[in-house]
Amino acid sequence: MSARLSAPSPPRWQLLLSLLLLGAAPGPRRSAAFYLPGLAPVNFCEEEKKSDECKAEIELFVNRLDSVESVLPYEYTAFDFCQASEGKRPSENLGQVLFGERIEPSPYKFTFNKEETCKLVCTKTYHTEKAEDKQKLEFLKKSMLLNYQHHWIVDNMPVTWCYDVEDGQRFCNPGFPIGCYITDKGHAKDACVINSEFHERDTFYIFNHVDIKIHYHVVETGSMGARLVAAKLEPKSFKHTHIDKPDCSGPPMDISNKASGEIRIAYTYSVSFQEDKNIRWASRWDYILESMPHTHIQWFSIMNSLVIVLFLSGMVAMIMLRTLHKDIARYNQMDSTEDAQEEFGWKLVHGDIFRPPRKGMLLSVFLGSGTQILIMTFVTLFFACLGFLSPANRGALMTCAVVLWVLLGTPAGCVAARFYKSFGGEKWKTNVLLTSFLCPGIVFADFFIMNLILWGEGSSAAIPFGTLVAILALWFCISVPLTFIGAYFGFKKNAIEHPVRTNQIPRQIPEQSFYTKPLPGIIMGGILPFGCIFIQLFFILNSIWSHQMYYMFGFLFLVFIILVITCSEATILLCYFHLCAEDYHWQWRSFLTSGFTAVYFLIYAIHYFFSKLQITGTASTILYFGYTMIMVLIFFLFTGTIGFFACFWFVTKIYSVVKVD
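Read on for a plain summary of the structure. (Residues numbered from 1 in each chain as written. Predicted model: local features only at pLDDT ≥ 70, side-chain atom pairs only at ≥ 80, totals over all residues. Heavy atoms only, no water.)

Remarks on the sheet that holds strand 15 (residues 226-236)
We count it as follows: By this definition, two strands are paired if DSSP reports at least two bridges between them. Counting from the N terminus, the helices are DSSP H or I runs at least four residues long and the strands are E runs at least two residues long. Note on geometry: axes are lines fitted to C-alpha atoms, helical ones only across the stretch in contact, with angles between N-to-C directions running from 0 to 180 degrees.
On the basis of which strands lie adjacent, the open sheet formed by 4 strands has the order 5-17-14-15 and mixed pairing. Of all strands in the sheet, those with a lone pairing partner are strand 5 (116-127) and strand 15, marking the two edges. Strand after strand, the sheet turns through a mean of 20° between neighbouring axes, direction not considered. Here strand 14 (residues 209-218) pairs with strand 15 via 10 bridges, running antiparallel. When the bridges of strand 15 are listed, Asp-211 appears paired with Glu-234.

See the structure below:
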């Protein structure tokens, strides 16, 4: 409920660039001829005009309930709310299952343009002396205490609760709370601030009534009926005077913490319809997205990142063009043997620069997995920019990422095999097995432990056993064979040819100053890439843990490109300094220099946990850090691989243009 800053209207070029960057993500803006699967508009009309092309009944679906104070989401059926007597449950894709989304039919059914006032859905009765009823009531109270939120869906759109925040801004939340709590000291928690009648101490107030307003837009042709463009609600609390014939009057529905005897809660709703000529179906998500954290912060983030990139590019360009050019020209002019005796700088280590690194097996496996993640991220973000993975297409982002990762086993196996062969390795079977199982195995083991905790807590985020088997089948039956195929071609090819020969006897590395020692360089190398992404990281973590929608994939794609450039340039810069100091162990250092960005990511995630989240409970804390470790490992492999490839290209380039006796 924080205030949103009001920004001055941006110039026209910035608006155009914003539209390009946001990449059609807010809603599926498509021509009449082409719609993405499951995202085609549905037409509605009155009961007497309904046909195959025009529906009269509007179904309301319920999704899992979640809270910013707990990582554990729960299915709607885990609570004692009104249940649908019948109805077809929509099928969920892999991404939705992995994110714990469980969409189910609800008992709330409307007919288009037919208004209802205070209609009874069901009545729930609790006898506090009965153990089962008491347990249900306690679970409801605990959920209100932790501010669990309903997520309802009408026509594939979230039903939003819009309210005013500071600075005259209006915030539209795609969820609304079950209820709220007044502490024993009279302090109103969460949503209890909206009503002055919520004042009884140590009491829960449940939102047992909703006023739903559905906005629609009549299709221009007229004969096709109308399309829904918004569904908004206002949660209210009524202790209905006559529960069997509710009239939505009387005091709010309170449940005292010390209440005993019989407690009856009647759930009701009112629905009204309003024609809206200004909102088109294609732009119906805009009002939700406009109330999200605004894009001017993103502009600041992009500008900040671009300044870092320009600074780094300038440094790298200066080294490349001036220093290196001078070095190469000077080295190539040395003809006499006396001059050759006085070799200095990076040319001195030409006989050792391509000496295989220690633990070459592990490095090649990391490079294979990193390449897989790098290509997966690029393709996923590219599709997201085109609008294929918009918020309307639920779970598409995760599904796309998982499928791509599975299919990209071949480049992983090929890269790992090529580099392992160039490092002089001969245990090719071990290499291909480690590429297939080491990094994915660590991620799966962490994921499985988190899943056991979720199972134990009865959360909807727990992956069903069938889905776990399906994920294992994707891994073992598709990803592993593809990795083997990639490795086969990688080993079959000739080893990577280096521009200079490696001496038989390794050269002694002189005493290094503090700045050219490996550790300070690695620690310094991760700061700049992290500086480019940390603002964007805040929005991503918000979307994961604070359940806010993330839709700025255009910005994210730009940040991804900036991150790749920054990692490459920072690594090349530090690599050059180390080579000038006659330290030729560049392979692991280049991987760890940009890979260290992941350590800063971890530190930021810890800071975010303590400063921004109100997560309580041991299970939630373990889950937060368990999932964070998966993200950190993926990020480490991803950034480390970028650094290694940049440095490998740089080293190959400079030693190929210098004359060596």
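What to know about a nonpolar patch on the surface
Keep this limit in mind: Residues enter patches when they are more than 30% accessible in relative terms and free of salt bridges; like-charged ones are connected within 9 Å and nonpolar ones (Val, Leu, Ile, Met, Phe, Trp, Tyr) within 5 Å. Accessible surface area values rest on a Shrake-Rupley calculation with a 1.4 Å probe, where residue burial reflects the displayed protein chains alone. Whenever a carboxyl oxygen of Asp or Glu lies within 4 Å of a side-chain nitrogen of Lys or Arg, that contact is scored as a salt bridge. The buried label goes to any residue with under 20% of its type's maximum accessible area, the exposed label to any with over 50%, and the partly exposed label to all in between, with areas taken from a 1.4 Å probe on protein chains only.
A grouping of Phe-378, Phe-382, Phe-383, Leu-386, Phe-388, Ile-561 and Ile-565 is seen on the molecular surface, where their side chains present a nonpolar patch of about 550 Å² in accessible area. Elements with a minimum of two residues in the nonpolar patch: helix 7 (360-385) and helix 14 (553-580). The greatest single-element share of the nonpolar patch, amounting to 3 residues, is contributed by helix 7. Relative to the helices and strands, Ile-565 resides in helix 14. For Ile-565, a relative accessible area of 33% gives the class partly exposed.

Comments concerning the nonpolar core
Test applied: What makes a nonpolar core is a set of buried Ala, Val, Leu, Ile, Met, Phe, Trp, Tyr and Cys residues whose side-chain atoms join them at distances within 4.5 Å.
In this structure, Phe-110, Leu-140, Trp-152, Trp-346, Val-651 and Tyr-655 are the most contacted members of the largest nonpolar core, which totals 174 residues. At 19 residues, helix 17 (residues 618-656) tops the list of elements feeding residues into this core.

With respect to the side chain of Thr-641
Heads up, the rule is: Any two residues whose heavy atoms approach within 4.5 Å are treated as being in contact.
Residue position: Thr-641 is located in helix 17. Residues within four places of Thr-641 in sequence aside, it is in contact with Phe-366, Leu-367, Gly-370, Thr-371 and Phe-591.

Some thoughts on the pattern of salt bridges
A side chain of one charge can pair with a side chain of the opposite charge when the charged atoms of the two come close. Tallied over the entire structure, the rule returns 15 salt bridges. Residue Lys-50 pairs with Glu-47 through a salt bridge whose shortest N-O separation is 3.5 Å. For Lys-141, the salt bridge is made with Glu-138, and the minimal N-O distance between the two is 3.6 Å. Linking Lys-141 with Glu-138, this pair stays in helix 3 (residues 131-145), spanning 3 residues, or about one helical turn. According to the relative accessible area criterion, Lys-141 is buried, its value standing at 5%. For Glu-138, a relative accessible area of 38% corresponds to the partly exposed category.

Notes on the pairing of strand 12 (residues 179-182)
Neither face of strand 12 is exposed, since Gly-179 and Tyr-181 on one face and Cys-180 and Ile-182 on the opposite face are all buried. Pairing geometry for strand 12 and strand 13 (residues 203-206), over 4 bridges, is antiparallel. Among the inter-strand pairings, Tyr-181 is bridged to a residue of strand 13, identified as Phe-204.

Considering the sheet that holds strand 7 (residues 152-154)
Taken in spatial order, the 4 strands of this open sheet run 4-1-7-8, and their pairing is antiparallel. Here the strands that pair on one side only, and so sit at the sheet edges, are strand 4 (104-111) and strand 8 (157-158). As defined by bridge partners, strand 1 (residues 57-62) adjoins strand 4 across 5 bridges and the pair is classed as antiparallel. Each residue of the ladder has a partner; that of Phe-61, found in strand 4, is Pro-105.

Brief notes about the environment of Met-320
One can find Met-320 in helix 5 (residues 295-333). Residues Met-320 and Trp-475, 155 residues apart in the sequence, show an inter-C-alpha distance of 43 Å.

What about unusual backbone geometry?
Leaving glycine aside, a negative phi is the common case for residues, and trans is the common case for peptide bonds. One non-glycine residue, Cys-118, lies in positive phi territory at about 50°. With respect to the element layout, Cys-118 can be found in strand 5. On the basis of relative accessible area, Cys-118 is assigned to the buried category, the value being 8%.

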